[in-house]
Amino acid sequence: MRITLKLFAGLGQFLPAGAKANAVQTEVPETASAHQVLEQFNVPLEKVHLVLLNGVYLDAHARNESMIKADDVLAVWPPVAGG
Amino acid sequence: MAWTKKVLRVNLTRGTVSVEPLNMEWAQQYLGQRGLASKYLVEEIDPKCDALGPDNKLMLVTGPLTGTMASTGGRYSVVCKSPLTGTIACSNSGGYIGAELKNAGWDMLIFEGKSPKPVYLYIRNEHVELLDAAEVWGKSIWEADKILRKKHQDPNVRISGVGRSAETGCLYAGVINDLHRAAGRSGVGTVMASKNLKAVVCRGTKGVGNVKDPLRFMQATEAGKKVLRDNAVTGQGLPAYGTQVLMNVINEAGAMPTYNMRETQFPGAHKISGEAMHQPRESDGKPNLTTNAACFACTIACGRISTVDRGHYTIKNKPEYWGSSGGLEYEAAWALGSDTGVDDLDALTYANFICNEDGFDPISFGSTVAAAMELYEQGVLTKEHTGGIEFKFGSAAALTTAAELVARGEGFGRDLALGSKRFCAKYGRPELSMTVKGQEFPAYDPRAIQGMGLAYATSNRGACHLRGYTVASEIMGIPEKTDPLATAGKPELVKAFQDATAAFDSAGICIFTSFAWTLDDVAPQVDAACDGEWTTEKLLHVGERIWNLERQFNLAAGLTGKDDSLPKRLLKDAANVGPAKGHVAELGKMLPQYYQIRGWNDQGVPTADTLKRLGLS
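Residues numbered from 1 in each chain as written. Chains lettered and ligands numbered in written order. Predicted model: local features only at pLDDT ≥ 70, side-chain atom pairs only at ≥ 80, totals over all residues.

(A) Representation of the overall build of chain B within the structure. Helix and strand counts for chain B stand at 25 helices and 17 strands. A globule of 617 residues ought to have a C-alpha radius of gyration of about 25 Å, and chain B, at 22 Å, matches this closely. Considered along the principal axes of its C-alpha atoms, chain B spans approximately 60 × 55 × 45 Å. Evaluated residue by residue, chain B yields a buried proportion of 62% over its 617 residues. Counting contacts in chain B only where the partners sit at least 6 residues apart, residues at least 24 apart contribute 70% of the total. (Helix = DSSP H or I, 4+ residues; strand = E, 2+ residues; numbered from the N terminus. Rg over C-alpha atoms; globule rule 2.2 N^0.38 Å. Buried ≥ 20, exposed ≤ 12 C-beta atoms within 10 Å, placed from the backbone. Contact = placed C-beta atoms within 7 Å.)

(B) Broad picture of the overall build of chain A. Along the backbone of chain A there are 1 helix and 5 strands. Starting at the N terminus, the α and β elements of chain A follow one another as β-β-α-β-β-β. A compact globule built from 83 residues would reach a C-alpha radius of gyration of about 12 Å, and chain A, at 12 Å, matches this within 12%. By principal-axis analysis of the C-alpha atoms, chain A measures approximately 35 × 30 × 20 Å. Residue pairs in contact within chain A that sit at least 24 positions apart in sequence constitute 65% of those at least 6 positions apart.

(C) How the structure looks around the interface of chain B and chain A. Between chain B and chain A, the residue contacts involve 31 residues of the former and 22 residues of the latter. The set of elements that each furnish at least two residues to the side of chain B that touches chain A consists of helix H8 (232-241), helix H9 (246-252) and helix H10 (274-278) of chain B. Looking at the side of chain B that touches chain A element by element, the count peaks at 7 residues for H8 of chain B. By residue class, the composition of the side of chain B that touches chain A is 18 nonpolar, 10 polar and 3 charged. (Nonpolar A, V, L, I, M, F, W, Y, C, P; charged D, E, K, R; others polar.)

(D) Quick peek at the confidence of the model for chain B. Here chain B shows a mean pLDDT of 97. Residues at 70 or above account for 100%. In the predicted complex, the global pTM is 0.97; the interface-specific ipTM is 0.94. (pLDDT = per-residue confidence, 0-100.)

(E) View of the packing of helix H21 (residues 519-529) of chain B against helix H22 (residues 536-557) of chain B. Residue and element names in this part refer to chain B. With their axes 8 Å apart at the nearest point, H21 and H22 run at an angle of 100 degrees to one another. Of the possible angle classes, the one that applies to H21 and H22 is roughly perpendicular. For the pair formed by H21 and H22, the contact residues are Leu519, Asp520, Val522, Ala523 and Val526 on the first element and Thr536, Leu539 and Leu540 on the second. (Axes fitted to C-alpha atoms, helices over the stretch in contact; angles between N-to-C directions. Parallel < 35°, antiparallel > 145°, perpendicular 65-115°, else oblique.)

(F) Spotlight on the nonpolar core. All names here are of chain B. Residues Met59, Leu109, Ala372, Leu399 and Val406 are the most contacted members of the largest nonpolar core, which totals 219 residues. No other element matches the 9 residues that helix H13 (residues 362-377) contributes to this core. Other than its neighbours up to four places away in sequence, Leu109 contacts Leu8, Val10, Met59, Leu60 and Val200. (Core = buried A, V, L, I, M, F, W, Y, C linked by C-beta atoms within 7 Å.)

(G) Region of interest: the pairing of strand S8 (residues 127-132) of chain B. Inspection of the sheet shows strand S7 (residues 119-124) of chain B paired to S8 of chain B by 6 bridges, in the antiparallel sense. Bridge pairing in S8 of chain B links Tyr122 of chain B to Glu129 of chain B. (Pairing = 2+ DSSP bridges.)

(H) Representation of the sheet that holds strand S2 (residues 23-27) of chain A within the structure. All names here are of chain A. Sheet architecture is open: 5 strands sit in the order S2-S1-S5-S3-S4, paired in mixed fashion. The strands lining the two open edges of the sheet, one partner per strand, are S2 and strand S4 (56-57). The pairing of strand S3 (residues 50-53) with strand S5 (residues 73-77) spans 4 bridges and is antiparallel. Across the sheet, the residue bridging to Val51 is Val76, located in S5.

(I) Structural detail: the environment of Ala502 of chain B. All names here are of chain B. Take Ala502: it is sitting in helix H20 (residues 490-507). Residue Ala502 is classed as buried on the basis of its C-beta count, with 31 C-beta atoms lying within 10 Å. Remark: the alpha-carbon pair of Ala502 and Glu126, spanning 376 residues in sequence, is separated by 30 Å. The residues touching Ala502, leaving out its near neighbours within four places in the chain, are Arg34, Gly35, Gly543, Ile546 and Trp547.

(J) Spatial organisation of the sheet that holds strand S14 (residues 303-306) of chain B. Spatial strand order, S13-S14-S15 (chain B): 3 strands in an open sheet with antiparallel pairing. With partners counted over all chains shown, the strands left at the sheet margins are strand S13 (289-293) and strand S15 (325-326) of chain B, one partner each.

(K) A look at the environment of Cys530 of chain B. All names here are of chain B. When you line up the elements, Cys530 lands in the loop between H21 and H22. Sequence separation between Cys530 and Ala455 is 75 residues; the distance between their C-alpha atoms is 31 Å. Setting aside its immediate chain neighbours within four residues, Cys530 contacts Ala2, Trp3, Pro64 and Lys212.

(L) Structural detail: the domain arrangement of chain B. Residue and element names in this part refer to chain B. When cut into domains, chain B gives domain 1 (6-203), domain 2 (254-439) and domain 3 (441-613). Each side of the interface is counted separately: domain 1 has 37 residues, and domain 3 has 28 residues. Among the secondary structure elements, those contributing two or more residues to the side of domain 1 that touches domain 3 are helix H1 (24-30), helix H2 (33-44) and strand S5 (88-93). The dominant element in the side of domain 1 that touches domain 3, judged by the number of residues it contributes, is H2, at 7 residues. Here the side of domain 1 that touches domain 3 is composed, by residue class, of 11 nonpolar, 21 polar and 5 charged. (Domains from an automatic or database assignment.)

(M) Spatial organisation of helix H18 (residues 450-458) of chain B. Residue and element names in this part refer to chain B. In terms of residue burial, H18 counts as a mostly covered element, since 9 of its 9 residues are buried. Buried within H18 are the following residues: Gln450, Gly451, Met452, Gly453, Leu454, Ala455, Tyr456, Ala457 and Thr458. Check the buried side of H18 and you find it contacts strand S16 (435-436), helix H19 (471-474), H20, helix H23 (568-572) and helix H24 (587-598).

(N) Seen up close, H8 of chain B. Residues and elements named next belong to chain B. When H8 is considered as a whole, its buried residues turn out to be Val233, Thr234, Gly237, Leu238 and Tyr241. For H8, the angular spread of the buried residues around the axis is 115 degrees, confining them to a single face. Residues of H8 that are buried in the fold lie against helix H7 (214-230) and H10. (Arc of directions from axis to C-beta.)

(O) Region of the structure containing the environment of Asp107 of chain B. Residue and element names in this part refer to chain B. Tracing the backbone through its elements, the reader meets Asp107 in the loop between helix H3 (97-103) and strand S6 (108-112). C-alpha separation for the pair Asp107 and Val61, spaced 46 residues apart in sequence, amounts to 6.1 Å. Leaving out residues up to four positions away in the same chain, Asp107 has contacts with Trp3, Thr4, Lys5, Lys6, Val7, Leu22, Gly32, Val61 and Thr62.

See the structure below:
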């Protein structure tokens with residue numbers, strides 16, 4: 001299935017060349033978990049901090065479950081904050 | 001140094017200065033900075049006074065950790081009654097002047113009355129003079145800074161002052177220090193200018209003293225720095241990407257106030273984000289971001305220093321803007337960008353430079369421009385009102401021209417300088433003002449982050465993110481994750497953030513340390529520095545006392561529980577995209593519980609028992 005993966009801040013370096021607006025459309029297996037998608041792009045999981053699936057937070061447990069559907073948007077950040 | 005135990009009182013009406021001892025009983029009850037100056041204000045002014053009259057007082061105040069080796073110990077605040085909101089105002093700033101005031105030997109400066117002519121205060125340790133400001137009145141703070149530095153022949157002076165926006169009565173003018181750090185919110189600069197006070201020029205060479213237990217203080221501050229260094233957010237995330245990294249986070253979470261808060265996601269967010277600031281521009285091959293920067297004693301260094309493309313329309317023939325300067329921070333980027341629909345990063349950077357140069361709050365300014373754009377779109381405003389400007393959402397030219405007009409207090413800028421509440425009322429559409437108690441919203445839509453709705457509604461200085469930043473928990477999971485769309489547990493969360501924040505502020509340190517520190521990390525530092533015993537429990541109690549003191553001021557000023565509200569748009573119009581689709585701000589579900597846990601009655605008034613418990617009766 002096709003989803004959109006967005007890698008922000010320092011994780012942007014793991015996007016393929018030509019990615020625009022920190023996003024790439026990609027094919028992933030129907031059963032893929034967030035972590036499996038990230039491994040597909042060689043993103044070191046220890047650098048992963050904030051994971052949003054369609055804007056909704058995924059906790060550590062949910063990141064290993066197959067809950068991604070076609071056309072979903074998976075957005076990921078290293079440790080960030082602000083205000 | 002911990003408290004210097006000295007206050008400098010300046011009577012501007014008479015042109016006199018006097019020295020008095022710091023009230024140490026109050027220092028034990030309110031710690032310093034925000035809390036301590038609020039206590040002085042409550043004791044010394046009538047809360048119903050005209051904020052822009054001579055009876056209001058203006059206080060520049062440091063905390064006990066300001067000027068010390070404690071990480072981020074450079075903060076100071078400007079405290080007075082606000083002309084924008086009618087509430088108590090406390091605007092906090094970093095940079096270097098807070099530490100300089102402390103090194104000159106002062107905990108606090110209190111300005112009272114009104115000078116018959118423009119003046120500035122010159123401080124060199126104990127030497128204090130009120131000097132004629134005719135040469136710098138009518139000049140931007142950037143120009144005034146240059147002139148005053150040259151006049152005093154001292155490159156090491158630190159300067160806080162107001163620009164032309166404050167002099168011409170912009171109700172959200174701030175006090176700018178070190179060129180681009182700002183006590184930015186609530187119109188504290190307008191109050192300063194109303195007293196004919198242009199600037200404070202300070203040089204302090206006395207160094208650090210009065211620390212209760214120097215060895216323990218060194219150990220405690222070093223332990224604190226290690227926590228900041230080892231924490232991924234304060235050690236890596238903030239220095240590399242600054243606050244602007246939030247642009248994409250908040251947009252993805254569907255909490256990005258857009259088009260005067262009509263929408264909750266901005267299609268152009270990626271063009272004005274922290275990531276975009278790192279990207280080389282197509283035009284000149286250079287990135288917008290030049291470097292990061294730190295305030296005094298800060299080991300985080302989240303500040304952004306940027307440069308606009310010299311070929312950009314805003315500065316093409318203006319070499320004075322070709323250098324680098326402060327910004328964009330997330331709050332400015334949001335208000336100048338997504339709320340107005342402008343996705344031109346260099347235009348936002350230029351508008352932010354103008355806000356710094358002439359000293360006005362980019363949040364309130366951007367939000368007021370956004371309201372004007374909505375009124376223009378609806379045909380309520382026309383080119384006749386705007387002086388010929390096509391004032392459409394998305395127009396970078398409208399935004400940057402508006403900034404220049406507000407800076408100088410000219411034309412349509414005089415209307416925009418009223419702030420969103422008065423502006424929308426003037427044009428007959430008060431419901432389009434996105435404000436609480438007259439202060440414009442920061443960068444988080446409360447339909448998508450429910451705790452922030454309650455934090456905005458109950459903030460003692462009107463809509464504000466720096467009084468209880470539950471975004472940390474609701475979006476980023478600091479210190480633990482809560483569901484941003486849920487209301488259960490939020491009253492407790494908001495109260496906890498509000499009380500702790502008051503304690504952080506009053507110590508003289510930056511609230512950004514709280515991404516890594518809890519009060520358990522702060523207490524040993526305060527305890528080693530200050531007379532008395534300072535535990536986590538005492539700091540929390542002091543924080544709660546400060547919150548209730550500020551509330552008491554506002555109630556005495558004439559505000560009531562009815563002012564703890566949100567604009568109808570946020571309460572009635574559901575978000576139409578993103579994770580919050582279908583949600584409104586559920587303030588009604590949280591406010592009664594909040595009053596209850598605060599120990600307030602159902603009208604939002606602290607009960608006699610609460611006041612007694614906090615030593616406020």
